[in-house]
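Per-entry structural report
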Amino acid sequence: MLYAISGEDIPDSLEKRLLVRTAHLERLNELRREGRLVLAGPYPAIDSPDPGPAGFSGSLIVAEFESLEAARTWAETDPYATSGVYAKLTVKPFKKVLP
């Protein structure tokens, strides 16, 4: 089943994000290689595709996991969660309708 993982960043998270970004992307690429990743990306903190020093306010990941518990475990062990980038983490079942 698909799950939506939404992380809300702490204020001024850009420096912390950059420190662990490579490890975060490695985990996402593992999901992609396994054919389980639907989409992933950050929420720019301002209305711009490149927010520069304004950074990001969080992230959204939609991926397939065997259970809600597995999705939560994956999210809670992501480098953005363990390094303190995220102030809040939400994991919910997701039903893709389109496209």
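In short, a report on the structure. This one's a predicted model, so the numbers in the text were calculated from it and none came from an experiment.

1. Considerations on the sheet that holds strand β3 (residues 56-64)
- Pairing is antiparallel across the open sheet formed by four strands, whose spatial order is β2-β3-β1-β4. Taken across any chain shown, the strands that pair with only one partner, and hence form the sheet edges, are β2 (37-44) and β4 (86-94). The sheet shows a mean angle of 10° between the axes of neighbouring strands, direction not considered.
- Examined bridge by bridge, β2 and β3 share seven bridges and lie antiparallel to one another.

2. Remarks on the nonpolar core
- In this structure, Y3, I5, L28, L31, I61, A63, F65, A71, W74, A75 and V91 together form the largest nonpolar core, which totals eleven residues.
- Sorting the residues of this core by element identifies β1 (2-9), α1 (14-33), β3 and α2 (68-76) as the ones contributing at least two each.
- No other element matches α2, which puts three residues into this core.
- With residues near it in sequence (within four places) discarded, L28 still touches L37, A40, I61 and W74.

3. Focus: α1
- Between its first and last C-alpha, α1 extends 27 Å over 20 residues, near the 28 Å set by a 1.5 Å rise per residue.
- Within α1, the axis deviates most sharply at V20, by approximately 55°.
- All buried positions along α1 are accounted for by R17, V20, H24, R27, L28 and L31.
- On its buried face, α1 is in contact with β1, β2, β3, α2, α3 (79-82) and β4.
- Within two residues after α1, G35 carries a phi angle of roughly 75°, on the positive side.

4. Here's the deal with the environment of A63
- Here A63 shows up in strand β3.
- Judged by its relative accessible area of 0%, A63 is buried.
- Once the C-alpha coordinates of A63 and T73 are considered, the two residues, ten residues apart in sequence, prove to be 13 Å apart.
- Those residues in contact with A63 that sit more than four places away from it in its chain are M1, L2, Y3, L31, R36, L37 and V38.

5. A closer look at α2
- The complete set of buried residues in α2 reads A71, W74 and A75. Projected down its long axis, α2 shows its buried positions confined to an angular sector of 95°, all on one face. Across α2 from its buried face, at more than 90 degrees, point the exposed residues E69 and E76.
- The inward-facing, buried residues of α2 abut β1, α1, β3, α3 and β4.

What counts, and where the lines are drawn
All residue numbers refer to position in the chain's written sequence, counted from 1. It should be noted that, the model being predicted, local features are given only for residues of pLDDT at least 70 and side-chain atom pairs only at 80 or more, the latter also being counted only at that level, while totals for whole chains, interfaces and linings use all residues. Based on all heavy atoms of the structure, the side-chain values leave hydrogens and waters out of the count. Pairing between strands is defined by DSSP: at least two bridges between them are needed. Numbering of helices and strands starts at the N terminus; helices are DSSP runs of H or I of at least 4 residues and strands are runs of E of at least 2. What counts as an axis is a line fitted to C-alpha atoms, over the stretch in contact for a helix, and the angles between N-to-C directions run from 0 to 180 degrees. Buried Ala, Val, Leu, Ile, Met, Phe, Trp, Tyr and Cys residues that are joined via side-chain atoms within 4.5 Å together make up what is termed a nonpolar core. In this scheme, a residue with accessible area under 20% of its type's maximum is buried, one over 50% is exposed, and one in between is partly exposed, where area comes from a 1.4 Å probe on protein chains only. By the convention used here, residues are in contact when the closest approach between their heavy atoms is within 4.5 Å. A helix is expected to span 1.5 Å for every residue after the first. Note on bend: the value at a residue is the angle between axes fitted to the seven residues ending there and to the seven starting there. Throughout, the arc means the angular range of directions from the helix axis out to the C-beta atoms.

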